[in-house]
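Coordinate analysis (summary)
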Amino acid sequence: MRNPCVDAGLIPPLVQLLNCKDQEVLLQTGRALGNICYDSHEGRNAVDHAGGAHIVVDHIRSLCSKTDPASEKLLTVFCGMLMNYSNENDTLQSQLINMGVIPTLVKLLGIHCQNAALTEMCLVAFGNLAELESSKEQFAYTNIAEELVKLFKKQIEHDKKEMIFEVLAPLAENDVIKLQLVEAGLVECLLEIVQKTVDSDKEDDIAELKTASDLMVLLLLGDESMQKLFEGGKGSVFQRVLSWIPSNSHQLQLAGALAIANFARNDGNCIHMVDNGIVQKLMDLLDRHVEDGNVTVQHAALSALRNLAIPVVNKAKMLSAGVAEAVLKFLRSEMPPVQFKLLGTLRMLIDAQAEAAEQLGKNVKLVERLVEWCEAKDHAGVMGESNRLLSALIRHSKSKDVIRTIVQSGGIKHLVTMATSEHVIMQNEALVALALIAALELVTAEKDLENAQLVQILHRLLSDDRSAPEIKYNSMVLICALIGSEPLQKEVQSMAFLEVISKLRGHENKTVAQQASLTEQRLAVES
């Protein structure tokens, strides 16, 4: 019947009835329009063109503070009509937000929280609106966090809690609201749910445990909310989250590891956690998931270890604790997310740690796996991290043995390709590693460098005006090292490098200009 109603032109007169003073007429009109809007694009558009939403929002505003049964009945119908009107329609949701409906609905929830039907309509309306980014800014200026937490604490039924969770999850993506939810006491509610459901095998309890622990992790993504809950590492919330890691529940293990990864977003927190034994807990967790383990738990634990390894003072401590060995157990993993985090963790650990870089760089199984992953074109993240770790092993170890291992494993061509990356940082890392190879083991790598067409690539980098100054500088340093090889020197001479480099003597960057003069002199001598 809905489309015929639109086609028959019934919507404008129905919308006009919304201006009537008779409550029964308003009630029936609201229901009729709500039904017309339900699952009907044409119906919604017709109500929109007739200005129905504006009138309904005005009615909700004027009735908002009235608590008599007739007013509450009307409010319930009008909220239901708006819910159907805006459901899964971003344009109409934005329209309602611009009308200022959010503060009105939040106020409504606070006043009528004892009315189950009206509360439910408000929650569904919030769920519709909360997905839009513009709504979150408006919600942040209301006391929505306080009202939702207050309402949540009263709920016993799983379905009602689930309905509130569906509003909390999108709202908690906003950092301001995250902090408001923490201050309103949501975390304590979530911890209580975890405690009550962790040992249950009921389907509803398992779902509630997952939702509560996931939301907890989401709250920790905000810098202020995370720091408030960390409380210098002595906070009760932080301590409770730590107890999740050795749990037998995969969901809690996952949430615990993700929470640690989120707490480990500044150096102070990382240093405190490493000094207080968190690394061993994470390694024990990984040990439980080596053989046929849970991939999401592996990924989360590796993420936490990677973040903890960022501060300089933590690297040696974590290496001494055996983190590199623990991580290498996952070298056989065929799961790209695990591979990606494994590579990132190792790269962080060996930064400026020469001994560890040399030890790992001489590990043939590791290097061969890196070379294999450097060709993982379907997984750009894994491919990029493999290249970066290959380069880091050379740059931080400065070891001939490491270079020989990488040459023998076929890694040179990947470092040369990395020098053409669209990311300057990766280009630079590749050029520095290649310069070390040329300086320390040129004879060993000579053939591979020639086959990978390194000289042609360097000519291209130096000729390209878009190349960053540091790329030009390191390319010239590398050329000076390459001319120690007869076949590579011939290539350099055959490509008229002197002409390109002489132009760089006038480069605006003084370091580049100076290196150009030195390189030009060196090439002139060799020719």
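These numbers come from a predicted model, not from an experiment.

What counts and how
- Every chain's residues receive numbers from 1 upward, in the order its sequence appears when written.
- Confidence filtering applies because this is a predicted model: local features only for residues at pLDDT of at least 70, side-chain atom pairs given and counted only at 80 or more, and all residues used for totals across whole chains, interfaces and linings.
- With hydrogens and water excluded, all non-hydrogen atoms of the structure serve as input to the side-chain values.
- Numbering of helices and strands runs from the N terminus, with a helix taken as a DSSP run of H or I at least four residues long and a strand as a DSSP run of E at least two residues long.
- When we talk radius of gyration, it's over C-alpha atoms, and the globule rule is simply 2.2 Å times the number of residues to the 0.38.
- Classification of residues uses two cut-offs on accessible area relative to the type maximum, computed with a 1.4 Å probe and protein chains only: under 20% is buried, over 50% is exposed, and between them is partly exposed.
- Per-residue accessibility takes into account occlusion by the displayed protein chains alone, with areas from the Shrake-Rupley method and a 1.4 Å probe.
- In this charge count, Lys and Arg are treated as positive and Asp and Glu as negative; neither His nor the chain ends contribute.
- All charge positions are set by atom: Lys at NZ, Arg at CZ, Asp at CG, Glu at CD.
- Geometry is summarised by axes, namely lines fitted to C-alpha atoms with helices restricted to the contacting stretch, and by angles between N-to-C directions that run from 0 to 180 degrees.
- Just so you know how the angles are binned, under 35 degrees is roughly parallel, over 145 roughly antiparallel, 65 to 115 roughly perpendicular, and the rest oblique.
- Helix crossings are classified by the rotation of the near helix relative to the far one: an anticlockwise turn of less than a right angle makes the crossing left-handed, while a clockwise turn makes it right-handed.
- Here, residues are in contact when the closest pair of their heavy atoms is within 4.5 Å.
- In this classification, Asp, Glu, Lys and Arg are treated as charged, Ala, Val, Leu, Ile, Met, Phe, Trp, Tyr, Cys and Pro as nonpolar, and every other residue, Gly included, as polar.
- Salt bridges are defined by distance alone: a side-chain nitrogen of Lys or Arg within 4 Å of a carboxyl oxygen of Asp or Glu.
- One less than the residue count of a helix, multiplied by 1.5 Å, gives the span that helix is expected to have.
- Joining through side-chain atoms within 4.5 Å is the link that ties buried Ala, Val, Leu, Ile, Met, Phe, Trp, Tyr and Cys residues into a set, and such a set is a nonpolar core.
- UniProt positions are given in the numbering used here, feature names are shortened, and annotations may be inferred rather than shown by experiment.

**Considerations on the overall build of the protein**
Scanning the protein for helices and strands turns up 36 helices and 0 strands. Here the C-alpha radius of gyration of the protein, 32 Å, is well above what a compact globule of 527 residues would show, namely 24 Å. Along the first, second and third principal axes, the C-alpha atoms of the protein reach 100 × 50 × 40 Å. Across the 527 residues in the protein, those meeting the buried criterion constitute 55%. On the protein, roughly 23600 Å² of surface is accessible, and the fraction owed to carbon and sulfur atoms is 50%. Of the side chains in the protein, 50 bear a positive and 68 a negative charge, and the two mean positions are spaced by 4 Å.

**Comments concerning the packing of helix H21 (residues 295-308) against helix H24 (residues 336-350)**
It is the contact of H21 with H24, at a shortest axis distance of 9 Å, that shows an interaxial angle of 20°. On the basis of their axis angle, the class for H21 and H24 is roughly parallel. For the element pair H21 and H24, the recorded crossing hand is left-handed. Across from Val295, Gln298, His299, Leu302, Ser303, Leu305 and Arg306 in H21, the residues of H24 making contact are Pro337, Val338, Lys341, Leu342, Gly344, Thr345 and Met348. Of the residues that constitute the contact of H21 with H24, the class distribution is 7 nonpolar, 5 polar and 2 charged.

**A word on the pattern of salt bridges**
In the structure shown here, the tally under the stated rule is 23 salt bridges. Among the salt bridges present, the one from Glu429 reaches Arg395, with a minimum N-O distance of 3.9 Å. Taken together, the residues Glu429 in helix H30 (residues 424-440) and Arg395 in helix H27 (residues 380-397) connect sequence positions 34 residues apart. By relative accessible area, which is 16% here, Arg395 ends up buried. Residue Glu441 is joined to Arg404 by a salt bridge in which the shortest nitrogen-to-oxygen separation is 2.7 Å. Residue Glu441 is located in the loop between H30 and helix H31 (442-451), and its partner Arg404 is located in helix H28 (residues 400-408); the two are separated by 37 residues in the primary sequence. Looking at Arg404, the relative accessible area reads 30%, which means it is partly exposed. Among the charged side chains, a salt-bridge network with shared partners connects Glu133, Lys136 and Glu173.

**A word on H24**
With 15 residues, H24 should reach 21 Å at 1.5 Å per residue; the first-to-last C-alpha distance of 21 Å fits that figure. Among the 15 residues in H24, 13 count as buried, and that is most of the element. A positive phi of about 60° marks Ala352, the residue just after H24.

**What to know about the packing of helix H6 (residues 69-86) against helix H7 (residues 90-98)**
Two numbers describe how H6 lies on H7: the axes approach to 8 Å, and their chain directions differ by 135°. The orientation of H6 with respect to H7, classified from their angle, is oblique. On the side of H6, the interface is formed by Leu82, Tyr85 and Ser86, while H7 contributes Leu92, Gln93, Gln95 and Leu96. Split by residue class, the contact of H6 with H7 holds 4 nonpolar, 3 polar and no charged.

**Some details on the nonpolar core**
Counting 187 residues, the largest nonpolar core has Phe126, Ile260, Phe263, Leu308, Leu449 and Leu482 as its most contacted members. Element by element, the count of residues in this core is highest for H30, at 9 residues. Apart from residues lying up to four places away in sequence, Ile260 is in contact with Phe238, Leu242, Ile245, Met273, Ile278, Leu282, Ala304 and Leu308.

**Here's the deal with helix H32 (residues 454-463)**
Of all 10 residues in H32, 7 are buried; the element is thus mostly enclosed. Residues of H32 that are buried include every one of Leu454, Val455, Ile457, Leu458, His459, Leu461 and Leu462, and no others. Tucked inside the fold, the buried residues of H32 contact helix H29 (412-418), H30, H31, helix H33 (469-482), helix H34 (486-494) and helix H35 (497-503).

**Observations concerning the UniProt feature "repeat: ARM" (unreviewed entry) in the protein**
Feature annotation in UniProt places "repeat: ARM" (unreviewed entry) on residues 9-51 and 277-309, given in this structure's numbering. Annotated as 72% helix and 0% strand, the span residues 9-51 places its first and last C-alpha atoms 14 Å apart. Each end of residues 277-309 is marked by a C-alpha atom, and these two atoms are 14 Å apart; helix forms 73% of the span and strand 0%.

**A few points about the environment of Ile206**
You can see Ile206 is positioned in helix H15 (residues 203-219). Here Ile206 falls in the partly exposed class, since its relative accessible area comes to 46%. Separated by 78 residues in sequence, Ile206 and Asn128 place their C-alpha atoms 25 Å apart. Setting aside residues up to four positions removed in sequence, Ile206 forms contacts with Ser200 and Asp201.

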